[in-house]
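Summary of structural features
Here is what each chain is made of, one letter per residue.
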Amino acid sequence: MNERQIQFFQYLFVLSFTLFDLAVLSWIGRLIYIALQLKDTVNGSLGIAIVAGSLFLVLLGVFHYLFWGLKRAKEQV
Amino acid sequence: MDRDFRHEADAVLMRPIFERPKYFYPLLGFLLSVIAWAAYCYYLQFNLGLGVTGMNQPVSWGFYVTNFVFFIGISHAGTLISAILRMTQAEWRRPITRIAEMITVAVLGIGGMNVLLDLGRIDRVANVFMYGRYQSPLLWDATSITAYMTASALYLFIPLIPDIAILRQHATGWRGGLYGVLSLGWRGTERQQKILNRCIGFMAVLVIPIAISVHTVVAFVFSMTLQPMWHSTIFGPYFVAGAIFSGLAGLIIVMAVLRWVFHLQDYLQPIHFNYLGLLLLVMSLFWFYFTCAEYLTAYFGNEPGEMRVFWSKMTGEYAGYFWLMVMCNFVLPLPLLVWRRFRQVTGTVIASLLISVGMWLERYIIIVPSMANPRGDLLEKGHYTASYVEWSLMAGCFALFVLIYLLFSRLFPLVSIWEAREGREKTLEIVAARVERYKLGEGRLKEEQ
């Protein structure tokens, strides 16, 4: 596998993780939408969603920090 | 043909990756056969319905939910223990963190799968995603397990990067490509190491509350109901303590197997088993304390619904399981873990095997007796005996765990090579610098200087 192919798959890897994370976030968003529509424990649902949503955003942030950080540090060599 | 790795200092860690072990195909065949049989049993269950299991009314939760709680509990071996050891800078952690982290990732998936096995209509699982409501603790579970799984996978992957880069130097063909992609351009520069350490440190802090919340939420699935002996405020911490307890036992067993199979005696030394044995002893005492608190409170309350469940465990239908659990979790491991003479590899492994059986029984007798003795005099008492379908699927779960571990061992080192190297080169320096910081009685002298 040459360098270009490796880079392509690395971008695919980071994209997959990002899409997975966004899918979970949109699922949490949908649960909030249902809670609002049914007026079903809206406050509790919002509380859980804020905690869980922030966590997934933090995980996404860590992964991107690692990916781009290592890449930049490699180019600095 | 992969490039020669034998001249490397930690060649023994790379051997299972570059040299196929003799037992690989026979073991793979055996595991796949067990999994295929389990898949066939699931096919029967899917076609004929949950009637092929031992579950009935009112006992609608049996082996599958027991296994779900058990496997999620074992998952605490990894991330939580590894994170705590990293945060406390325990130098002896180095050879065991990866083994522990991998256990977490493998068993979390298997634990989650058991919930799906319990569904009569698996095709309706999409409804959880489409129409789920956060009013239900089951949704809390789905959310927290997904978060824990994601965080654990990331926490396993980040410290793997330098090792993948080492493997990249020796691998060719598809392996070379795979390692090239996953090493994310790692060259081991100072800046890269700094970024990596920052991420590992941050994740170690992050996964501890996630891990604790996961098992608390698993406990909430029970304690948020009004079933007798489930509606208890102590269930959250009781489950977390039990999870760490069973996780440690699982970790010791896996370490012993890997030590023997892959000849890792130089890495997984008796002192590691000794230290983990001490942690196991502490958790055994904690578990006993929580169990006493839980049962004594129920007994003193003397509420009729709870007492039916209580006596079914103490002297009734489930007494055998209950007392075997007490023997396995407390009475028998105690002498093995208290005396240093026994707290060696064999002693801790025997204690861990007993505890694994005991903790599985604990999950079983939390679930089944409460379901079999529902609150209210009008409801009939139930009985539960697991069918061969449930036993087969349980065997399939254990086979799947071994399979995942086997495949992982063929791709990645089970002991962190770079951390082992760092330990050899820098441990004395790191520890000396740390001790220097808190040398007793010298703080005042330093300030005066």
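Use the structure listed above.
Predicted, not measured: the structure shown is a model, and the values here were computed from it.

All names here are of chain B. Along the chain, E91 falls in the loop between α4 (79-87) and α5 (97-118). On the basis of relative accessibility, which here comes to 16%, the residue E91 falls in the buried class. The contact partners of E91, leaving out residues within four places of it in the chain, are T427, I430, V431 and R434.

Here we take up the interface of chain A and chain B. With 34 residues of chain A in contact, the opposing surface of chain B contributes 39 residues. Of the roughly 3,300 Å² buried between chain A and chain B, counting both surfaces, carbon and sulfur atoms make up 78%. Summed over the three residues of chain A that lose the most area to chain B, namely A:W27, A:Y65 and A:L70, the buried surface amounts to 19% of that side. Run the count over chain A and chain B and you get 1 salt bridge. A salt bridge links A:D40 to B:R133, with the shortest nitrogen-to-oxygen separation between them at 2.5 Å. Counting across the interface, chain A meets chain B through 8 residue pairs in polar contact (both at pLDDT 80 or more). At the level of secondary structure, the elements contributing two or more residues to the side of chain A that touches chain B comprise α1 (3-38) and α2 (42-76) of chain A. Here the side of chain A that touches chain B takes 17 residues from α2(A), the largest share from any one element. In terms of residue class, the side of chain A that touches chain B is made up of 26 nonpolar, 5 polar and 3 charged.

Attention now moves to the nonpolar core. Residue and element names in this part refer to chain B. Ranked by size, the top nonpolar core spans 164 residues in total, and within it I99, I103 and M203 carry the most contacts. The greatest single-element share of this core, amounting to 16 residues, is contributed by helix α10 (residues 190-223). Sequence-distant contacts of I99, defined by excluding residues within four places in its chain, comprise L251, V254, M255, L258, L268, Y405, L414 and V415. Formed by 6 residues, the second largest nonpolar core is a distinct cluster that contains F24, L28, L31 and L406.

Attention shifts here to the environment of B:P95. All names here are of chain B. Note that P95 resides in the loop between α4 and α5. On the basis of relative accessibility, which here comes to 10%, the residue P95 falls in the buried class. Counting along the chain gives 322 residues from P95 to I417, while the straight-line C-alpha distance between them is 8.6 Å. Sequence-distant contacts of P95, that is, excluding residues within four places in its chain, are made with Y267, L268, H272 and V415.

Below, the discussion takes up the packing of aromatic side chains. Under the counting rule described, the total for this entry stands at 45 aromatic pairs over all chains. Ring centres of A:F13 and B:F157 lie 5.5 Å apart, and the angle between their planes is 80 degrees; this geometry places the pair in the edge-to-face category. You can see A:F13 sitting in helix α1 and its partner B:F157 sitting in helix α7 (residues 137-157), one on each of two chains. Owing to a relative accessible area of 26%, A:F13 belongs among the partly exposed residues under this scheme. Where B:F71 meets B:F398, the ring centres are 5.3 Å apart and the plane angle is 50 degrees; that geometry is what we call tilted.

Here B:T143 shows up in helix α7. Reaching out from B:T143, the side chain makes a polar contact with the side chain of B:Y134 at a distance of 3.0 Å.

Positive charge collects at one region of the surface, where A:R72, B:R191, B:K194 and B:R198 lie side by side. Per-element tally for the positive patch: the top contributor is α10(B), with 3 residues. Within the secondary structure, B:R198 sits in helix α10.

Procedures and definitions
Residues numbered from 1 in each chain as written. Chains lettered and ligands numbered in written order. Predicted model: local features only at pLDDT ≥ 70, side-chain atom pairs only at ≥ 80, totals over all residues. Heavy atoms only, no water. Helix = DSSP H or I, 4+ residues; strand = E, 2+ residues; numbered from the N terminus. Buried < 20%, exposed > 50% of the residue type's maximum accessible area, 1.4 Å probe, protein only. Contact = heavy atoms within 4.5 Å. Buried area = accessible area lost by both parts, 1.4 Å probe. Salt bridge = Lys/Arg side-chain N within 4 Å of Asp/Glu carboxyl O. Polar contact = N/O pair within 3.5 Å; in protein donor to acceptor, adjacent residues only side chain to side chain. Nonpolar A, V, L, I, M, F, W, Y, C, P; charged D, E, K, R; others polar. Core = buried A, V, L, I, M, F, W, Y, C linked by side-chain atoms within 4.5 Å. Phe/Tyr/Trp six-rings, centres within 6.5 Å; stacked < 30°, edge-to-face > 60°. Patch = residues over 30% accessible without salt bridge, like charges linked within 9 Å, V, L, I, M, F, W, Y side chains within 5 Å. Areas by Shrake-Rupley, 256 points an atom, 1.4 Å probe, with all protein chains shown as cover. Lys, Arg positive; Asp, Glu negative; His and termini not counted. Charge placed at Lys NZ, Arg CZ, Asp CG, Glu CD.

The values reported here are purely geometric and, on their own, carry no functional implication.
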